[in-house]
Amino acid sequence: MALCAVVTPLPPIVASGDGFFALPLVVATTAVLAIPLFLHARPSAFAWATGTISAALLPWSLIGAWFGMFVFFPSIPLLLLAAFANPRRRPTAARVLAGAGLLLAAAVTLLWWGRGY
C-alpha cells in the first residue's frame with residue numbers, strides 16, 4: 001500500500017500536458033513518499049515514517065493545491081492504512097486494510113483518468 005501511495009498521484013501528473021504541476025515540487029514530494037518503501041524490514045520504523053509523512057502531507061497537499069499538490073491527498077489514507085496493516089501481528093486485519101487501500105487507489109486512479117487529466 002505504501003507503493004500505491006507513491007504511484008496513485010502520478011497518472012494525472014504524467015497525463016497532464018499543461019504546466020499546472022510544479023515538477024520540482026512533485027519530484028520532491030514523491031521522493032519523500034518513497035521513504036517508507038525502504039523501511040519495510042523494520043515495522044516500527046515503517047509505521048513511524050508513514051505516520052509522520054502522512055501528517056506532513058496533509059497540510060502540504062492542501063496548501064500546495066495552487067501548484068498541483070492536491071493529487072497527493074489520496075496518499076494520506078493509503079499511508080495510514082499501510083502503517084496499520086501489519087501481516088505479522090494481525091493477518092486478517094492486514095488483508096482487510098490492504099483490500100481497502102487497493103480499492104481506494106483503484107477508485108482514485110479511475111476517477112482521475114475519467115476526468116481527462
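Refer to the structure printed above.
As the structure is a prediction and not an experimental result, all values here were calculated from the model.

> For the overall build of the chain, give the residues involved together with the corresponding values.
Counting its regular elements, the chain contains six helices and zero strands. Reading the chain from its N terminus to its C terminus gives the helix and strand order α-α-α-α-α-α. What you see for the chain is a C-alpha radius of gyration of 14 Å, in line with the 13 Å of a compact globule of 117 residues. Taken along the three principal axes of its C-alpha coordinates, the chain extends 45 × 25 × 20 Å. For the chain, the residues scored as buried account for 39% of the 117 residues in total. For the chain, long-range pairs separated by at least 24 residues make up 68% of all intrachain contacts whose partners lie at least 6 apart in sequence. Here the chain displays about 6,700 Å² of accessible surface, and carbon together with sulfur accounts for 76% of that area.

> Run through the side chain of Thr29, naming residues and quoting values.
Structurally, Thr29 can be placed in helix H3 (residues 23-33). Here the side chain of Thr29 touches Trp60 through a polar contact of 2.9 Å, side chain to side chain. Discounting chain neighbours no more than four positions away, the residues touching Thr29 are Leu57, Trp60, Met69 and Phe72.

> Explain the layout of surface pockets to me, using residue names and the numbers behind them.
Of the pockets and cavities examined, the largest pocket occupies roughly 440 Å³. Together, 21 residues line the largest pocket, and Phe46, Ala82, Ala85, Asn86 and Pro87 are the ones closest to its centre. If you list the elements that add at least two residues to the lining of the largest pocket, you get helix H1 (2-7), helix H4 (43-63), helix H5 (75-84) and helix H6 (91-115). Considered class by class, the residues forming the lining of the largest pocket number 15 nonpolar, three polar and three charged.

> With reference to specific residues and values, describe H3.
Listed in full, the buried residues belonging to H3 are Val26, Thr29, Thr30 and Leu33. End-on, the buried residues of H3 take up no more than an arc of 100 degrees, which puts them together on one face. The outward face of H3, more than 90 degrees from its buried face, is lined by the exposed residues Pro24 and Val27. Taken together, the buried residues of H3 touch H1, helix H2 (10-15), H4 and H5.

> Describe the nonpolar core, listing the residues and the values that go with them.
In globular proteins that are soluble, nonpolar side chains generally tend to be buried together. Formed by 19 residues in total, the largest nonpolar core has its most connected members in Ile13, Val26, Leu33, Val71 and Phe72. Where this core is concerned, the elements lending two or more residues are H1, H3, H4, H5 and H6.

Parameters and conventions
Residues numbered from 1 in each chain as written. Predicted model: local features only at pLDDT ≥ 70, side-chain atom pairs only at ≥ 80, totals over all residues. Heavy atoms only, no water. Helix = DSSP H or I, 4+ residues; strand = E, 2+ residues; numbered from the N terminus. Rg over C-alpha atoms; globule rule 2.2 N^0.38 Å. Buried < 20%, exposed > 50% of the residue type's maximum accessible area, 1.4 Å probe, protein only. Contact = heavy atoms within 4.5 Å. Areas by Shrake-Rupley, 256 points an atom, 1.4 Å probe, with all protein chains shown as cover. Polar contact = N/O pair within 3.5 Å; in protein donor to acceptor, adjacent residues only side chain to side chain. 1 Å grid on protein atoms, 1.4 Å probe; cavity = no way out; pocket = protein on both sides within 12 Å on 5 of 7 lines; lining within 4 Å. Points joined across faces, edges and corners; volume = space filled by probe spheres on them. Nonpolar A, V, L, I, M, F, W, Y, C, P; charged D, E, K, R; others polar. Arc of directions from axis to C-beta. Core = buried A, V, L, I, M, F, W, Y, C linked by side-chain atoms within 4.5 Å.

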